[in-house]
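Architecture at a glance
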Amino acid sequence: MKRVSADALARVRDADLLGLQESVRVYEWLEAHKGEPNNPVFQFVFRSYYRIDSAGLTARWKARSFEFLGRREGGLGTILEGLYQVPTARNVKSLQFSFATKLLHTLDPRQPIYDSKVAELLGLPVKKGKDFTANVDACVAAYDDLREVQRQLLIDEGVAHRVAALKARYDSRVSDE
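This write-up is about the structure you can find in this document. (Residues numbered from 1 in each chain as written. Predicted model: local features only at pLDDT ≥ 70, side-chain atom pairs only at ≥ 80, totals over all residues. Heavy atoms only, no water.)

Observations regarding the side chain of Q152
Worth spelling out the cut-off: Strands here are runs of E lasting at least two residues and helices are runs of H or I lasting at least four, both read from the DSSP assignment and numbered beginning at the N terminus. When a residue's accessible area, from a 1.4 Å probe over protein chains only, is under 20% of the maximum for its type it is buried; when over 50% it is exposed; and in between it is partly exposed. We call two residues in contact whenever any of their non-hydrogen atoms come within 4.5 Å of each other.
Counting through the fold element by element, Q152 comes out in helix α8 (residues 132–155). According to the relative accessible area criterion, Q152 is buried, its value standing at 9%. The contact partners of Q152, leaving out residues within four places of it in the chain, are M1, K2, R3 and V4.

The following block contains the structure:
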């Protein structure tokens, strides 16, 4: 079982809450409109918020991701495999683990988001090799570890105070996760 390091806990407890109002409001808008994955405005805001448009992904890849949202696909492996089949703008197939977790989080805000900052802060790298199935399995295992770390963070009193402070500062009802 993955444990949260004391350093990671301290960094989360000391997180700066200033300058997040725009991000919080856009996130709230996405939450309020996530039931409309075919709406072009929702798609634009989602792609912008999660920086999908600057990731070298094709229109076909983006359309496939919104298909998963529309179907409410909750399986990480299924999403990873489905998006892998659509080549990037460089015409290569790529496991888009971070974006897959953003889709899962959009469907269920209790699910964590994995990205490079989360990996660095929490010490959760994903070791990938040349074997596709092993890489998908590594992503799924890393996500299981992240869920456990998230659980540990949410029961930490200092982190709980930071979450409450964020919600109070921005008068927000976003989930604790």
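Some words on the packing of helix α3 (residues 40–49) against helix α4 (residues 59–71)
As a reminder, the rule being used: Note on geometry: axes are lines fitted to C-alpha atoms, helical ones only across the stretch in contact, with angles between N-to-C directions running from 0 to 180 degrees. Each angle receives one of four descriptions, namely roughly parallel if under 35 degrees, roughly antiparallel if over 145, roughly perpendicular if within 65 to 115, and oblique otherwise. Just so you know the grouping, Ala, Val, Leu, Ile, Met, Phe, Trp, Tyr, Cys and Pro go in nonpolar, Asp, Glu, Lys and Arg go in charged, and all remaining residues, Gly too, go in polar.
At a closest axis distance of 12 Å, the pairing of α3 and α4 adopts a crossing angle of 110°. Regarding the angle of α3 to α4, the classification is roughly perpendicular. Across from F42, Q43, F46 and R47 in α3, the residues of α4 making contact are K62, F66 and L69. When the residues that make up the contact of α3 with α4 are grouped by side-chain class, the tally is four nonpolar, one polar and two charged.

Remarks on unusual backbone geometry
Backbone geometry at R51 places phi at a positive 60°, although glycine is not the residue there. Counting through the fold element by element, R51 comes out in the loop between α3 and α4. Positive phi, normally seen in glycine, also occurs at R72, with a value near 60°. Tracing the sequence through the fold places R72 in the loop between α4 and α5 (76–84). For R72, a relative accessible area of 54% corresponds to the exposed category.

Quick word on the environment of K128
Relative to the helices and strands, K128 is located in the loop between α7 (116–122) and α8. C-alpha of K128 to C-alpha of L95: the two residues are 33 residues apart in sequence and 9.7 Å apart in space. Discounting chain neighbours no more than four positions away, the residues touching K128 are L95, N135 and C139.

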